[in-house]
Amino acid sequence: MTATAEHAAEDGMGPAPRAPWAVIGRAMLQALLVAMAVLVLYPLAWMALNGFRSNTEIFNDPFALPQHWSFAAYAAAWQNGVSQFVASSLLVTGVSIVTTVFISAWAAYGLTRTRIPGQPLVTGFILGGMMLSPTVALVPLVRMMQDFGLYNTHWALILLYTAFRVPFTTFLIRAYMLDLPRDLDEAARMDGASEGQIFRRIILPLCRPILVSCVILHILFAWNEYLFAMIFTNSPSTQTLPVGLTSLMSKHGTDFAQVFAAMTISALPIVIVFFLTQRYFVRGLTEGIGK
Amino acid sequence: MAHLTLRDVRKTYGHMEVLHGIDLDIPSGEFVVFVGPSGCGKSTLLRSIAGLEEISSGEFRLDGRLMNRVAPARRGIAMVFQSYALYPHMTVFDNMAFGLKIAGLPRREIRARIERAAESLQLAPYLDRFPKALSGGQRQRVAIGRAIVRDPKVFLFDEPLSNLDAALRVATRIEIARLKQAMPGTTMIYVTHDQVEAMTLADRIVVMNGGSIEQVGTPLELYRTPANLFVARFIGSPAMNVIGAESLGGTAVALDGGGITSAAAPLARGARVQFGIRPEDLVPAPAAGAPFRGRIALVEQLGEVQMVHVELDGTGAPLVAKLAGTLELAAGDAIALGHAPEAAHLFGADGDRLRPAARSAA
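Residues numbered from 1 in each chain as written. Chains lettered and ligands numbered in written order. Predicted model: local features only at pLDDT ≥ 70, side-chain atom pairs only at ≥ 80, totals over all residues. Heavy atoms only, no water.

## Observations concerning the overall build of chain A
Scanning chain A from N- to C-terminus turns up 13 helices and zero strands. For chain A, buried positions account for 40% of its 291 residues. If you take every contact in chain A between residues at least 6 apart in sequence, the share linking residues at least 24 apart comes to 75%. As presented, chain A carries roughly 16,100 Å² of accessible surface, and 71% of it is formed by carbon and sulfur atoms. (Helix = DSSP H or I, 4+ residues; strand = E, 2+ residues; numbered from the N terminus. Buried < 20%, exposed > 50% of the residue type's maximum accessible area, 1.4 Å probe, protein only. Contact = heavy atoms within 4.5 Å. Areas by Shrake-Rupley, 256 points an atom, 1.4 Å probe, with all protein chains shown as cover.)

Quick look at the structure:
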């Protein structure tokens, strides 16, 4: 026993033995967490693994592990349009990320750092956009896109994703910016920085955690969005993954190996992005919304 | 060289006026301290000079040029913020270089200026560090350095020591005093609510209250001849004792509660006045004929001196005396105190000084 431990024991301050109910409670909690993890991970693993099997193997024993690791289904899926869908999804998601985050950050800066008349009204107007249901707006939006000549183009989706995500993204970034000390803006103003320079060189770099969170949230939305993608695109060259995958299923309804492979390919980028950025994701959300 | 002139400067937020017509001249190279209680408008006045607040009416001129609508960065003014306001995502070097880069200075010139400032502020080893890796005192020095490199005509300090602990506060105060000595041509304006900072640093002090200037003067002028009761109570620690009194004619004054004392100058008989005496001007006196007699309520022994809190006989009014630490005094003891006539300060019923008292005994 070390001197410290001896002293602790003498003082009656040693580590108290755990109560049995605490151990049981902890074990149950851990069991629950493991069960939840299995619940989430098993279907994903099952999907990815079935992509390495043939259609026959899947139908013979749906829950067995692959006996021969074959990339044939993945290669076939890639050649049967998935590569095009991935390219469309990457383009739409990538461009709408830039437009959404830039517009939202600039709007949030205006709402939090400048004096504009009727500011609460403007804030309410922008954030009120979160209440707007995309389904309700579908008919006029289709007409608009047709009139603008944007129907069945990537721009239709980029425009819609930006418009419908700006309110929520502004809401998140605004909450974060409200907590940034105003002295920084004033110090920069004393240093001769313009509003644009203060935004770009001071405020934006300090908002990095919430910007990363917004980017991830936007990726999750745009990558998986189905309604707009289904209605505003109708050719394989413009369709994104969620819509493209359904067409794959209708064309190759029986080739489930290929469908699983395509689904795995579509899920992979999201999973990778999340793991690479989860540190920012959690920090940005907690710092932005809570105090 | 920069001469500041403020004429009838007012600042309003909606219907609330927080600066009520400030008139002030600050000659080139002077170190002026704005001092006053919280909410007196001193920071608003400083920010108006910086250009961070727009003046609602009146004029602010710098070397004769009207500055009301000039952007902060174009005024030739640098400011050190209370919170330091260092850019957390930039190194010390980049923090100091930010304003110079925006001004479009050549890279070599920027480096030379920063190295010079870093040398004088002992920041040279920390130029590559981020602010979070610096102590409070070092951050404060970076904030000062960021202001120095811009080579401003006017330096503004907004309560720069309030985030530092007591020891560091003294050390940084001395550094600021040295900085002023090293930059004799630069006008400096310093805002604080700490009168020790004001007394030790200022060439002149501007005492503010409720959005107006109460008095402008050198530290000793304010201490010896406060213009009114507010300044009398605000300057000096502990605060001046003020007791209601009535003139008996000549220099004799009858204090409320029965004591009779004398002032330096004669007053009209029967005049109602406020009698002020600083704690450090009170001395132990024989009980017979002493103007202040009472019982000690509390003794705060500080070693060299002791603060003796007395309840006066008759009225029970509180009185504080700053006496030598060697005197054997205890709570409950009876005590009698007197003062030199020239140490007395007399104020009218409106709180304004009646006659200038002669030099304080302290």
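## Things to note about the packing of aromatic side chains
The tally for this structure, following the rule as stated, stands at 24 aromatic pairs over all chains. Their ring planes at 45° and their centres at 4.9 Å tell us that Phe52(A) and Tyr74(A) sit as a pair that is tilted. Of this pair, Phe52(A) sits in the loop between α2 (20-50) and α3 (55-60) while Tyr74(A) sits in helix α4 (residues 72-113), placing them 22 residues apart in sequence. Since its relative accessible area comes to 14%, Phe52(A) is described here as buried. Among the residues examined, Tyr74(A) registers a relative accessible area of 13% and is labelled buried. Ring geometry for Phe31(B) and Tyr190(B): centres 5.8 Å apart, planes at 40°, overall tilted. With Phe31(B) in strand β3 (residues 31-35) and Tyr190(B) in strand β8 (residues 187-192), this pair connects stretches of sequence that are 159 residues apart. (Phe/Tyr/Trp six-rings, centres within 6.5 Å; stacked < 30°, edge-to-face > 60°.)

## Notes on the interface of chain A and chain B
With 16 residues of chain A in contact, the opposing surface of chain B contributes 23 residues. On the chain A side of the contact with chain B, Met190(A), Asp191(A) and Arg201(A) bury the most area, a combined 40% of that side's loss. Our count for the contact surface shared by chain A and chain B stands at one salt bridge. A salt bridge links Arg47(B) to Glu186(A), with the nearest nitrogen and oxygen atoms 2.5 Å apart. At the junction of chain A with chain B, the criterion picks out seven residue pairs in polar contact (both at pLDDT 80 or more). Of all elements in the fold, only α8 (182-190) and α9 (195-206) of chain A reach the threshold of two or more residues within the side of chain A that touches chain B. Looking at the side of chain A that touches chain B element by element, the count peaks at seven residues for α8(A). Each residue belonging to the side of chain A that touches chain B can be placed in one class, and the counts come to eight nonpolar, two polar and six charged. (Buried area = accessible area lost by both parts, 1.4 Å probe. Salt bridge = Lys/Arg side-chain N within 4 Å of Asp/Glu carboxyl O. Polar contact = N/O pair within 3.5 Å; in protein donor to acceptor, adjacent residues only side chain to side chain. Nonpolar A, V, L, I, M, F, W, Y, C, P; charged D, E, K, R; others polar.)

## Here we look at the pairing of strand β2 (residues 16-26) of chain B
Residues and elements named next belong to chain B. The pairing of strand β1 (residues 4-13) with β2 spans eight bridges and is classified as antiparallel. Opposite Thr 12, over in β2, you have Glu 17 as the bridge partner. Connecting β1 to the antiparallel partner β2 that follows it, the hairpin turn spans two residues, and Gly 14 within it adopts a positive phi of roughly 65°. (Pairing = 2+ DSSP bridges.)

## Thoughts on the sheet that holds strand β11 (residues 241-247) of chain B
Residues and elements named next belong to chain B. Strand order across the open sheet formed by five strands is β13-β12-β11-β14-β20, with antiparallel pairing between neighbours. At either margin of the open sheet sits one strand with a lone partner, and together these are β13 (260-267) and β20 (345-347). Mean inter-strand twist for the sheet, computed between neighbouring axes without regard to direction, equals 45°. Pairing analysis gives six bridges linking β11 to strand β14 (residues 272-277), with the strands arranged antiparallel. Looking at the pairing, Ala 245 lines up with Val 273 of β14. (Axes fitted to C-alpha atoms, helices over the stretch in contact; angles between N-to-C directions.)

## Re a nonpolar patch on the surface
A grouping of Leu29(A), Leu32(A), Leu33(A) and Met36(A) is seen on the molecular surface, where their side chains present a nonpolar patch of about 400 Å² in accessible area. For Leu32(A), the position within the fold is in helix α2. (Patch = residues over 30% accessible without salt bridge, like charges linked within 9 Å, V, L, I, M, F, W, Y side chains within 5 Å.)

## Notes on the domain arrangement of chain B
When the parts come together, some accessible area is lost, and that loss is often what is quoted as the size of the interface. All names here are of chain B. We note that the domain assignment places domain 1 (4-233) and domain 2 (238-347) within chain B. Measuring from the centre of the C-alpha atoms in domain 1 to the corresponding centre in domain 2 gives 39 Å. Taken together, the contacts link eight residues of domain 1 with eight residues of domain 2. Carbon and sulfur atoms make up 60% of the area that domain 1 and domain 2 hide from each other, which totals about 710 Å². Applying the counting rule to domain 1 against domain 2 returns zero salt bridges. At the surface where domain 1 touches domain 2, the tally comes to three residue pairs in polar contact (both at pLDDT 80 or more). At the level of elements, α7 (219-224) and α8 (229-234) are the ones that each hand at least two residues to the side of domain 1 that touches domain 2. Grouping the constituent residues of the side of domain 1 that touches domain 2 by class yields five nonpolar, one polar and two charged. (Domains from an automatic or database assignment.)

## Quick look at the packing of α4(A) against helix α7 (residues 154-178) of chain A
Residue and element names in this part refer to chain A. Interaxial distance between α4 and α7 falls to 6 Å at its minimum, and their mutual angle equals 40°. Like other packed secondary-structure pairs, α4 and α7 cross with a definite hand, here right-handed. In terms of residue class, the contact of α4 with α7 is made up of 18 nonpolar, ten polar and three charged. (Left-handed = near helix turned anticlockwise from the far one by under 90°.)

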